[in-house]
2 protein chains.
Amino acid sequence: MALKHTILAFLSRQPLSGYDVAKEFAEGFGSCFWKASQQQVYAELTKLEQQGSVTYEAIPQPGRLDKKIYSITDQGQQELLDWLTQPCEPAAIREDLGVMGLAGHLVSSQVVIREIERRRQLHVEMVQHVKKLDEHFSQHLDSLDLKDLYMHLVIRRGIRYQEEWVAWCDEALQAIGQTVKR
Amino acid sequence: MALKHTILAFLSRQPLSGYDVAKEFAEGFGSCFWKASQQQVYAELTKLEQQGSVTYEAIPQPGRLDKKIYSITDQGQQELLDWLTQPCEPAAIREDLGVMGLAGHLVSSQVVIREIERRRQLHVEMVQHVKKLDEHFSQHLDSLDLKDLYMHLVIRRGIRYQEEWVAWCDEALQAIGQTVKR
DNA sequence: TTATTGTATTCAAAAACTTGAATACAATAA
DNA sequence: TTATTGTATTCAAGTTTTTGAATACAATAA
């Protein structure tokens, strides 16, 4: 699993609190590439700390629990490096909408069409959202260093993914429309 | 989770043994949309049978365990129907290669380039594989009934997904090449 | 001023998934 | 003839993920 390595990768860029990491998952990188719940993030950070891959500096906050700012350790960096230099396998798509296609004949085409239209809209919004993440990078494309170029390319993958969904929805809606008419 | 519903969807098309279902996951639908191990499939079928969503007919086989042919029950069909008529959320991508982008600056660009080239090749092969699954449908596109059209569209999603990966790899390789030269 | 949203962390149970192994025979390829 | 691949199922342990809840204060909007 790569939750460990994803968190280490975040921390390799800059120290972050658990809350910040969870936010990255919810809104930044995660919104197009990886999802993890807050609980998962906090649990993983605790484990990583126990194993020596990260450390934290506790920032006392009057009247509430300390805020913990986590940083990656040399050991953690090494682990990340080891993982990075191994080949990785493509992830399986696990998409409910795909399952629907297997059994779509059980419901009316109206239901299928409505669901695809709903999805199309969601992905249109995602394209907007992810493009916003990319703005900072795509504006200075010619002067990006490798670190930022990689980030840009990851986000580009997210944009293309979402755009691809929209395109498929269009293809599907058209094909279903034609077949229903026939 | 939709493993349950994916299996029910398979069985809504035709009765299958656990082995057959596992094979679908490994080679057919699953190879582009959903992965599940054999053990997972057998465990799920046992559970589904206990809950009354599927039944099986045991085919005695001399000298070894019975082969069980599972079919969906009315109850199972109803459950599948209920699930189908609910809106579903887009799946999160959980892609190791995306994480690499977050931390790619820690390794040499050679490593990144080699990994992307490797991935490109894998996806080129997947395009071939998934297109083969589609052959039967794409040849009679004008005369498909809705059931087969849906299957075709699901496979099309798989093809587009794999093609999109190839296209992204090309974009990434070009951009990295340019930046390294600079 | 009250409600909502955002910041920040923790606990616990249940469900799902992965990994590794064992059994057993048939058919096919080397 | 021997090895490999394919058919067919089951068990068990361990890890990961999901789901749901609880706590607590700050800032902002209605």
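The structure displayed is predicted, hence computed values, not measured ones. (Residues numbered from 1 in each chain as written. Chains lettered and ligands numbered in written order. Predicted model: local features only at pLDDT ≥ 70, side-chain atom pairs only at ≥ 80, totals over all residues. Heavy atoms only, no water.)

A. Geometry of the overall build of chain A. Along chain A, the regular secondary structure elements total eight helices and three strands. Taken against the 2.2 N^0.38 rule, which gives 16 Å for 182 residues, the C-alpha radius of gyration of chain A at 21 Å runs more than 25% over that of a compact globule. Projecting the C-alpha coordinates of chain A onto the three principal axes gives extents of approximately 65 × 40 × 40 Å. Of all 182 residues assigned to chain A, the portion counted as buried reaches 47%. Considering only contacts in chain A between residues 6 or more positions apart, those separated by 24 or more positions represent 57%. Taken as a whole, chain A presents about 9000 Å² of accessible surface, with 49% of it coming from carbon and sulfur. Distance between charge centres in chain A, computed from 21 positive and 25 negative side chains, equals 6 Å. (Helix = DSSP H or I, 4+ residues; strand = E, 2+ residues; numbered from the N terminus. Rg over C-alpha atoms; globule rule 2.2 N^0.38 Å. Buried < 20%, exposed > 50% of the residue type's maximum accessible area, 1.4 Å probe, protein only. Contact = heavy atoms within 4.5 Å. Areas by Shrake-Rupley, 256 points an atom, 1.4 Å probe, with all protein chains shown as cover. Lys, Arg positive; Asp, Glu negative; His and termini not counted. Charge placed at Lys NZ, Arg CZ, Asp CG, Glu CD.)

B. Examining the protein's contact with DNA strand D more closely. Close contacts around DNA strand D come from 20 residues, with Gln39 of chain A together with Tyr19, Tyr42, Lys67 and Lys68 of chain B the closest. Between DNA strand D and the protein, one listed contact pairs a phosphate oxygen with a backbone N or O atom of Gly18 of chain B at 3.4 Å. In this structure, Lys68 of chain B approaches DNA strand D through a side-chain N or O atom, which is 2.7 Å from a phosphate oxygen. Put simply, the parts of the chain that give the surface near DNA strand D at least two residues each are α4 (38–51) of chain A together with α2 (18–27), α4 (38–51) and β3 (64–72) of chain B. Ranked by residue count, the leading element in the surface near DNA strand D is β3 of chain B, at four residues. Counted by class, the surface near DNA strand D contains four nonpolar, eight polar and eight charged residues. (Near = heavy atom within 4 Å. Polar contact = N/O pair within 3.5 Å; in protein donor to acceptor, adjacent residues only side chain to side chain. Nonpolar A, V, L, I, M, F, W, Y, C, P; charged D, E, K, R; others polar.)

C. Representation of the packing of aromatic side chains. Overall, the coordinates contain eleven aromatic pairs over all chains when judged by the stated rule. Look at Phe10 of chain A and Phe29 of chain A: their rings are 5.8 Å apart centre to centre, the planes differ by 85°, and that puts the pair in the edge-to-face class. Of this pair, Phe10 of chain A sits in helix α1 (residues 3–13) while Phe29 of chain A sits in helix α3 (residues 29–32); the two residues are 19 residues apart in sequence, bridging distant segments of the chain. An angle of 80° between the planes, with centres 6.3 Å apart, marks the rings of Tyr161 of chain A and Tyr161 of chain B as edge-to-face. In this pair, Tyr161 of chain A sits in helix α8 (residues 146–181) while Tyr161 of chain B sits in helix α8 (residues 146–181), so the two residues belong to two different chains. (Phe/Tyr/Trp six-rings, centres within 6.5 Å; stacked < 30°, edge-to-face > 60°.)

D. Representation of the relation of the copies chain B and chain A in the model. The transformation that overlays chain B on chain A combines an axial shift of 0.0 Å with a rotation of 180°, and the residual RMSD is 0.0 Å. The two molecules are tied by a two-fold rotation axis, judged by turn and shift. The share of interface residues of chain B whose copies in chain A are also at the interface is 100%, consistent with both copies meeting through the same surface. (Least-squares fit on C-alpha atoms with pLDDT ≥ 70 in both.)

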